Amino acid sequence: MENCIFCKIVKGEIPSTKLYESERVIVFLDINPIEKGHALIVPKLHWSNLAEVKLDTEKEIETYEELMYVMRVTAKAVISTGIADGANILQCNNACAGKTVDHLHFHVIPRYGKEAVAVPAFNSGAVKYEEGEVSVITKKLADAIKKIIQEEDLL
Ligand code: 5GP
Ligand code: ZN
């Protein structure tokens, strides 16, 4: 897709802070994070939303399966390593549901502390990283994702 920002990230035409990359799936930090470590799980194939997912070819099936797998692993990396205390998974279909990028993606949003968050507060405003924090959280999450994938040995 020519004008799709996530296709450009997939092709390396736009930089991103990657947490994971394979032939089929890429995970990178959201440029406007709701919380520190807010990650986007993105298939390399361009599907607009869940209704547009095609499962006709082996490549499409493998991409979808790996997308689901890596989403779980990313959430597990966030919550099982002490990086965060919990996490939300968010996925938007169409503008009325808050979707702004027309390329299927799942948000994994770490949550910190003991206070319950109001779940609809997904657009409650961005946090800012302190200097040096992006590289620290990127390494922690990328290492945790790699470790879980190695341990589970399913890919
Ligand atoms: P949506 O509302 O479509 O589910 O979310 C799109 C997300 O993509 C937003 O959270 C937004 O901050 C993020 N985003 C938009 N453009 C870019 C970009 O160029 N790079 C990165 N890393 N994230 C982006
Ligand atoms: Zn795209």
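Our structure is the block above this text.
Calculation criteria
- Residues numbered from 1 in each chain as written.
- Chains lettered and ligands numbered in written order.
- Predicted model: local features only at pLDDT ≥ 70, side-chain atom pairs only at ≥ 80, totals over all residues.
- Heavy atoms only, no water.
- Donors = N, O, S within 2.8 Å, 3.2 Å for Na, K, Ca; no water.
- Tetrahedral: all angles 85-135°; square planar, octahedral: opposite > 155°, others 65-115°.
- Helix = DSSP H or I, 4+ residues; strand = E, 2+ residues; numbered from the N terminus.
- Buried < 20%, exposed > 50% of the residue type's maximum accessible area, 1.4 Å probe, protein only.
- Pairing = 2+ DSSP bridges.
- Near = heavy atom within 4 Å.
- Areas by Shrake-Rupley, 256 points an atom, 1.4 Å probe, with all protein chains shown as cover.
- Nonpolar A, V, L, I, M, F, W, Y, C, P; charged D, E, K, R; others polar.
- Contact = heavy atoms within 4.5 Å.
- Polar contact = N/O pair within 3.5 Å; in protein donor to acceptor, adjacent residues only side chain to side chain.

Once that is clear, we can look at the coordination of the zinc ion (ligand 2). Donor atoms from the polypeptide that coordinate the zinc ion (ligand 2) comprise Cys 4 (SG), Cys 7 (SG), His 46 (ND1) and His 103 (ND1), at 2.0 to 2.3 Å from the metal. Because the angles between the 4 donor atoms bound to the zinc ion (ligand 2) fall within 104 to 117°, the donor set is best described as tetrahedral. Between consecutive donors of the zinc ion (ligand 2), the numbers of intervening residues give the motif C-x2-C-x38-H-x56-H. Here His 46, found in the loop between strand S3 (39-43) and helix H2 (58-80), pairs with His 103, found in the loop between strand S4 (86-90) and strand S5 (106-111); they are 57 residues apart in sequence, far enough to count as distant. Note on His 103: relative accessible area 0%, which makes it buried.

Burial of S5 is extensive: 6 of the 6 residues sit out of reach of the surface. Here S5 shows a buried face lined by Phe 106, Val 108 and Pro 110 and a second buried face lined by His 107, Ile 109 and Arg 111. Note: S3 against S5, 3 bridges, orientation antiparallel. Each bridged residue has a counterpart across the sheet, and for Leu 40 the counterpart in S5 is His 107. When S4 meets S5, the two strands line up antiparallel, connected through 5 bridges. Among the inter-strand pairings, Ala 87 is bridged to a residue of S5, identified as Pro 110.

Our next topic: the site of ligand 1. The local shell around ligand 1 holds 16 residues, among which Asp 30, Gly 98, Thr 100, His 105 and His 107 are the closest. Surface burial for ligand 1 is 85%, taken as the share of its 530 Å² of free accessible area covered by protein chains. Where the shell around ligand 1 is concerned, the elements lending two or more residues are helix H1 (5-11) and strand S2 (25-29). By residue class, the composition of the shell around ligand 1 is 9 nonpolar, 5 polar and 2 charged.

What follows is about the environment of Glu 21. Of note, Glu 21 is situated in strand S1 (residues 18-21). Once the C-alpha coordinates of Glu 21 and Pro 43 are considered, the two residues, 22 residues apart in sequence, prove to be 10.0 Å apart. If we skip the residues at most four places from it in the chain, Glu 21 touches Val 10, Ile 26 and Lys 44. A polar side-chain atom of Glu 21 sits 2.7 Å from a polar atom in the side chain of Lys 44.

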